[in-house]
Amino acid sequence: MSDETGTPDTPAGSAGGTAPSEGPRPEPLRFFGTTWVNHDHGYTARRAGVAVGSLAAAVASCLVLRLAYEGIRIADTGSFVTVLVIAMFAICSALAFRNAWEGFGKRHDPQRQASLRGLLAIGFVGSLLAYFFRSLTEAPGEKLHREEYEQAREAYERLSSRRTGNPSKKKRRR
């Protein structure tokens, strides 16, 4: 795994490793490993656990934000600052939700993600809610990884089906 991004060094569908393989291997998903391929080994229980966990984390985060709001109110900073803070968290959460939701269907540009890191950190509640809603229907990111894996399998099948026999023993036509 890459230390900086936490993503695997080999792309989805690549053979990776040094051992010979029977074609491309699926990329593991966080909390699911490769159980998303065949929906086996506790996939449904993991999905339920991820849904409950992300919702619980979102609720706990909202409670922490509520405490922060109370602190601002107690500090008597004025209505402008209070509205500004609430608007900031609401807008950042909406943007983080949208960004996370789109990330389940396509790969993000790493440079764009790096530039949005602060905004996404502020809107962490939106990311947690996106993770919750996606886990109700599938493992978050499963659709994207399944498409990439299927493309890699098809490419492997095309390559391996074309190469039959030893080409040096091929009979030449005169």
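On a predicted model such as this, the values are computed, not experimentally measured, just so you know.

**Comments concerning the side chain of E27**
Link 1 in the chain: The residue E27 is located in the segment before α1 (43-75) in this model.
Link 2 in the chain: Judged by relative accessible area, E27 falls into the buried class, the value being 10%.
Link 3 in the chain: Separated by 3.0 Å, the side chains of E27 and R107 make a polar contact.

**Observations regarding the packing of α1 against helix α5 (residues 124-135)**
Link 1 in the chain: The geometry of α1 relative to α5 is characterised by a closest axis approach of 8 Å and an angle of 155° between their N-to-C directions. Taken together, the axis directions place α1 and α5 in an arrangement best described as roughly antiparallel. Relative to α5, the crossing made by α1 is left-handed. Facing α1, whose interface residues are R47, V50, A51, S54, L55, A57, A58, S61, C62 and L65, α5 presents F124, V125, L128, L129, Y131, F132 and S135.
Link 2 in the chain: Its residues assigned to classes, the contact of α1 with α5 shows 13 nonpolar, 3 polar and 1 charged.

**A word on the confidence of the model for the chain**
Close reading of the predicted structure is inappropriate where its pLDDT is low.
Link 1 in the chain: In the predicted model, the chain carries a mean pLDDT of 84, and 80% of its residues have values of at least 70.
Link 2 in the chain: Of all secondary-structure elements in the chain, the lowest mean pLDDT belongs to helix α6 (residues 142-162), at 87, while α5 reaches the highest, 95.
Link 3 in the chain: Counting contacts from residues 15-20, a segment whose pLDDT is below 50, to residues more than four positions away or on other chains yields 5 contacts.

**Quick notes on the pattern of salt bridges**
Link 1 in the chain: In the structure shown here, the tally under the stated rule is 8 salt bridges.
Link 2 in the chain: Here R107 ties to E27 by a salt bridge, and the two come within 3.0 Å at their closest N and O atoms. With a gap of 80 residues between them, R107 in the loop between α2 (79-103) and α3 (110-115) and E27 in the segment before α1 connect regions that are remote in the sequence.
Link 3 in the chain: Under the relative-accessibility criterion, R107 is labelled partly exposed at 44%.
Link 4 in the chain: Counted as one network, the salt bridges with shared partners bring together E27, R107 and E148.

**With respect to the nonpolar core**
Link 1 in the chain: Within the largest apolar cluster, 7 residues are counted, these being L29, F32, W36, Y43, V50, A139 and Y149.
Link 2 in the chain: Leave out the neighbours within four places in its chain, and A139 touches L29, F32, Y43 and R47.

**A short note on the packing of α2 against α5**
Link 1 in the chain: Two elements in contact, α2 and α5, have axes separated by 6 Å at closest approach and are oriented at 40°. Of the two possible hands of crossing, α2 and α5 adopt the one that is right-handed. Seen from α2, the contacting residues are F89, S93, A96, F97, A100 and W101; seen from α5, they are F124, V125, G126, S127, L129, A130, F133 and R134.
Link 2 in the chain: For the contact of α2 with α5, the per-class residue count stands at 10 nonpolar, 3 polar and 1 charged.

Rules used throughout
Residues numbered from 1 in each chain as written. Predicted model: local features only at pLDDT ≥ 70, side-chain atom pairs only at ≥ 80, totals over all residues. Heavy atoms only, no water. Helix = DSSP H or I, 4+ residues; strand = E, 2+ residues; numbered from the N terminus. Buried < 20%, exposed > 50% of the residue type's maximum accessible area, 1.4 Å probe, protein only. Polar contact = N/O pair within 3.5 Å; in protein donor to acceptor, adjacent residues only side chain to side chain. Axes fitted to C-alpha atoms, helices over the stretch in contact; angles between N-to-C directions. Parallel < 35°, antiparallel > 145°, perpendicular 65-115°, else oblique. Left-handed = near helix turned anticlockwise from the far one by under 90°. Contact = heavy atoms within 4.5 Å. Nonpolar A, V, L, I, M, F, W, Y, C, P; charged D, E, K, R; others polar. pLDDT = per-residue confidence, 0-100. Salt bridge = Lys/Arg side-chain N within 4 Å of Asp/Glu carboxyl O. Core = buried A, V, L, I, M, F, W, Y, C linked by side-chain atoms within 4.5 Å.

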